[in-house]
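What follows is the residue order along each chain.
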Amino acid sequence: MLATVLRSSRFPVYSKPIVTLFHPICRRFYHLSAVYTPLTPQMDAADASEETLRGVLAEKQASVDAQAGVVRKLKAEAAAKADIEAAVESLKALKIEVSAVAKRLQAVVSSSGGGSGDREAFRQVVVNTLERRLFYIPSFKIYRGVAGLYDYGPPGCAVKSNVLSLWRQHFVLEENMLEVDCPCVTPEIVLKASGHVDKFTDLMVKDEKTGSCYRADHLLKDFCKEKLEKDSTLPSVKVAELKHILAVLDDLSTEELGAKLKEYGITAPDTKNPLSDPYPFNLMFQTSIGPSGLSPGYMRPETAQGIFVNFKDLYYYNGYRLPFAAAQIGQAFRNEISPRQGLLRVREFTLAEIEHFVDPEDKSHPKFVDVADLEFLMFPRELQLSGESAKLINLGEAVRKGTINNETLGYFIGRVYLFLTRLGIDKERLRFRQHLPNEMAHYAADCWDAEIECSYGWIECVGIADRSAYDLRAHTDKSGVSLVAHETYPEPREVEKLVITPSKKELGLAFKGNQKMVVEALEALNQAEALEVKAALESKGEIEFGVCTLGKSVIIKKNMVSISMEKKKEHQRVFTPSVIEPSFGIGRIIYCLFEHSFYTRPSKSDDEQLNVFRFPPLVAPIKCTVFPLIKSQQFDEVAKIIARSLRSNGISHIIDITGTSIGKRYARTDEIGVPFAITVDSTSSVTIRERDSKEQIRVSIDEVASVVKEVADGQSTWADIMWRFPTHSASHVDD
Ligand code: AMP
């Protein structure tokens, strides 16, 4: 598009500022440039970089400014009308060029593969279809709804239930996982131990006049993105500054974020009123358990904690064997400050989580070989930091080279890839992005997100993290119940163990009320520290010893503690297992699937675009339709017999005997993604039409239900059964 506009321009285009000279004798205008650099084909090319385009734009804008100056001057000098008109024409042409380059730049900045306008228009069509066909509905709509809460309508419920049953089959069944179902209401102590009570916060700002709340980082992010997309005159230093902010957004402290909002003069988006300073807002919905109000609780923000607190029983159930995994599907609640992006950021959503418990000293996985040959888009840290894009990488190699921390983590990354692509997610718009060190919790060994590209950009849909032993240790400390595993040695092993025996009597005499704190500090010494204390006591008889809980040092004498290394026989090793956690946001996956499955095709008469969801049969909300070709009692009877047979085979279906044109009936069900349509056009055999190819085969009435079941359950593909049955060439055609 840009190329067309530029080449059709009546004026030469230069990339350096143009100086327009007024020649006093011939009274004509010449565009001069210090160095003539026409806009080259590289700059027109679809892959013109953002930097190139910004450079071209800045130069063109300068030309516009210079030419505007010329026009003003001519007008001020009351120059001849023809000369003024020629200068104005020249200015208009330059402005067209500026706007063409600006558009191209905006497209490049907003995404790869299409401008934000295109993406929004596409999204609008998808969302309109989804809402019109009741895939989902804003909750409590007759009361104007509540932001961030959605209902799934009939086809949405069916898709969700199919996604969850595939999840159970692909993960729970495949790995013999132990599935649990824990309450959503959770006592405070559990979420205090996990860190959610203190740290599960986002920074919020308030409109100082209306009290409306916004997520501070979202306002700053939107500001930077909009500037980069829309302000084509930004100097390169400013571009770099805004990009840097986007890169470190998650790392900004409360004060830094507040300072940036002030520096850029960011105000409340709806009213333009000033904003408060940012402050942390805890995202959990608080409640109290029971009528007394004395037992605080929260609606769980994730399902994982229910599994951790049950570790001891699950370990027992699994015959005290590691590794094993537990799984849970359930609702999670997060009081998002400003929910947006439809199903992608909501206040109640379904999570499907796996906690795979493994020996920290052996994170190999026996089934890793099954996925090692997979190759898909990965976005490791190094590529992100060097400004490159995600690359196709072999999974086995990524683990071998240490890009992915261990085999078990790699195994789950591979299984998640297989699951998502089996659902119908486009593998070219799916990438696995490694967390940068600053994004990861300090205890995590490695984290990757499965990100899916949709009209909102790349969206984190599954988090896959090696959380080491953090969660089990936290609950051990808080509950006092030891959440550990044992490895029994085949033969007892002789080990040297540190034994610290504080003399409570001597310490009591010396430190009275502080005795307990000193004892605890001595017992908490690690081996190196203890040996240092021992050496000092042996050489000097006493040591100055810092006790954190007292906030001061005390003098420890030789008679107050005995420290020795003793040989002991050990029958087992006791350790806290590591946890590898794949965590699936089901609503996000489903929304991306909707976008990836959606397409339009022209109607037969070419006067309208028909919507289609190309769901794989396993995911499709309804597997087939039954349509009598024409209104006839005989055909209606056959349709009812087939419907009964489908019901007894457990195949969801719609029977439509309205007699509307067959094409219209196909179009209505294509729009909710029904993959197969049975058309009754005789009393002995029927046709089956496949949604995307529109191919039809002829099958006997007795066989039709079992054939549909075979393809709907995924035992055979449409291509497989096409061979077995005659094709129906005089097709019942689409509208
Ligand atoms: P997290 O525990 O924050 O890593 O979230 C786990 C998964 O839940 C993410 O990968 C998302 O897919 C999903 N998720 C998180 N927050 C929301 C939300 N507000 N709405 C919908 N899905 C969410």
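What counts as what
- Residues numbered from 1 in each chain as written.
- Predicted model: local features only at pLDDT ≥ 70, side-chain atom pairs only at ≥ 80, totals over all residues.
- Heavy atoms only, no water.
- Axes fitted to C-alpha atoms, helices over the stretch in contact; angles between N-to-C directions.
- Helix = DSSP H or I, 4+ residues; strand = E, 2+ residues; numbered from the N terminus.
- Parallel < 35°, antiparallel > 145°, perpendicular 65-115°, else oblique.
- Left-handed = near helix turned anticlockwise from the far one by under 90°.
- Contact = heavy atoms within 4.5 Å.
- Nonpolar A, V, L, I, M, F, W, Y, C, P; charged D, E, K, R; others polar.
- Salt bridge = Lys/Arg side-chain N within 4 Å of Asp/Glu carboxyl O.
- Buried < 20%, exposed > 50% of the residue type's maximum accessible area, 1.4 Å probe, protein only.
- Polar contact = N/O pair within 3.5 Å; in protein donor to acceptor, adjacent residues only side chain to side chain.
- Domains from an automatic or database assignment.
- UniProt positions renumbered as here; feature names shortened; annotations may be inferred.
- Near = heavy atom within 4 Å.
- Areas by Shrake-Rupley, 256 points an atom, 1.4 Å probe, with all protein chains shown as cover.

## Observations regarding the packing of helix α18 (residues 504-511) against helix α19 (residues 515-523)
Moving on, step 1. Viewed as axis vectors pointing N to C, α18 and α19 meet at an angle of 130°, and their least axial separation amounts to 9 Å. Between α18 and α19, the interaxial angle falls into the category oblique. Taken as a pair, α18 and α19 cross one another with a handedness that is right-handed. Contact residues: α18 offers K504, L507, G508 and F511, while α19 offers Q515, V518, V519 and L522.
Moving on, step 2. Taken together, the residues of the contact of α18 with α19 sort by class into five nonpolar, two polar and one charged.

## Focus on the pattern of salt bridges
Moving on, step 1. Under the counting rule described, the total for this entry stands at 41 salt bridges.
Moving on, step 2. The salt bridge partner of D446 is R381, with a shortest N-O separation of 3.5 Å. Residue D446 is located in strand β17 (residues 446-454), and its partner R381 is located in helix α14 (residues 381-385); the two are separated by 65 residues in the primary sequence. Both residues of the pair, D446 and R381, count as buried.
Moving on, step 3. Here E487 makes a salt bridge to R573, at a shortest N to O gap of 2.7 Å. Here the residue E487 occupies a position in strand β19 (residues 485-502), and R573 occupies one in strand β22 (residues 561-575), the gap between them amounting to 86 residues.

## A few points about the environment of L249
Moving on, step 1. The topology assignment puts L249 in the loop between α10 (236-248) and α11 (254-263).
Moving on, step 2. You can call L249 buried: its relative accessible area is 9%.
Moving on, step 3. When the C-alpha atoms of L249 and H218 are compared, they prove to be 9.3 Å apart, with 31 residues separating the residues in sequence.
Moving on, step 4. Ignoring anything within four residues of it in the chain, the contact list for L249 reads D217, L220 and K221.

## With respect to the side chain of S455
Moving on, step 1. By the secondary structure assignment, S455 is in the loop between β17 and β18 (457-466).
Moving on, step 2. Accessibility expressed as a relative area gives 5% for S455, which makes it buried.
Moving on, step 3. At 2.6 Å, the side chain of S455 and the side chain of E595 are in polar contact.
Moving on, step 4. Aside from chain neighbours lying at most four places away, what touches S455 is R119, R123, Y591 and E595.

## Observations regarding the domain arrangement of the protein chain
Moving on, step 1. Taken domain by domain, the protein chain consists of domain 1 (116-182 + 301-484 + 576-605), domain 2 (198-282), domain 3 (490-575) and domain 4 (622-722).
Moving on, step 2. Its C-alpha centre places domain 2 at a distance of 51 Å from the equivalent point of domain 3.

## Side note on the UniProt feature "domain: Aminoacyl-transfer RNA synthetases class-II family profile" (unreviewed entry) in the protein chain
Moving on, step 1. Within this numbering scheme, the UniProt entry marks residues 261-602 as carrying the feature "domain: Aminoacyl-transfer RNA synthetases class-II family profile" (unreviewed entry).
Moving on, step 2. The distance separating the terminal C-alpha atoms of residues 261-602 is 48 Å; by composition the span is 28% helix and 36% strand.

## Brief notes about the site of the ligand
Moving on, step 1. If you check the shell around the ligand, you find 14 residues, and the closest are R334, E336, V346, E460 and C461.
Moving on, step 2. The contact in question runs from a nitrogen atom of the ligand to an N or O atom on the backbone of V346, over 2.9 Å.
Moving on, step 3. Within the contact set of the ligand, an oxygen atom lies 3.4 Å away from a backbone nitrogen or oxygen of G585.
Moving on, step 4. The protein chains hide 84% of the 480 Å² of surface that the ligand would expose on its own.
Moving on, step 5. Among the elements that line the shell around the ligand, the one with the most residues is β18, at four residues.

## Some words on the side chain of H218
Moving on, step 1. Among the structural elements, H218 can be located in helix α9 (residues 216-230).
Moving on, step 2. Looking at H218, its side chain comes within polar contact range of the side chain of R340, at 3.4 Å.
Moving on, step 3. Leave out the neighbours within four places in its chain, and H218 touches S338, R340 and R345.

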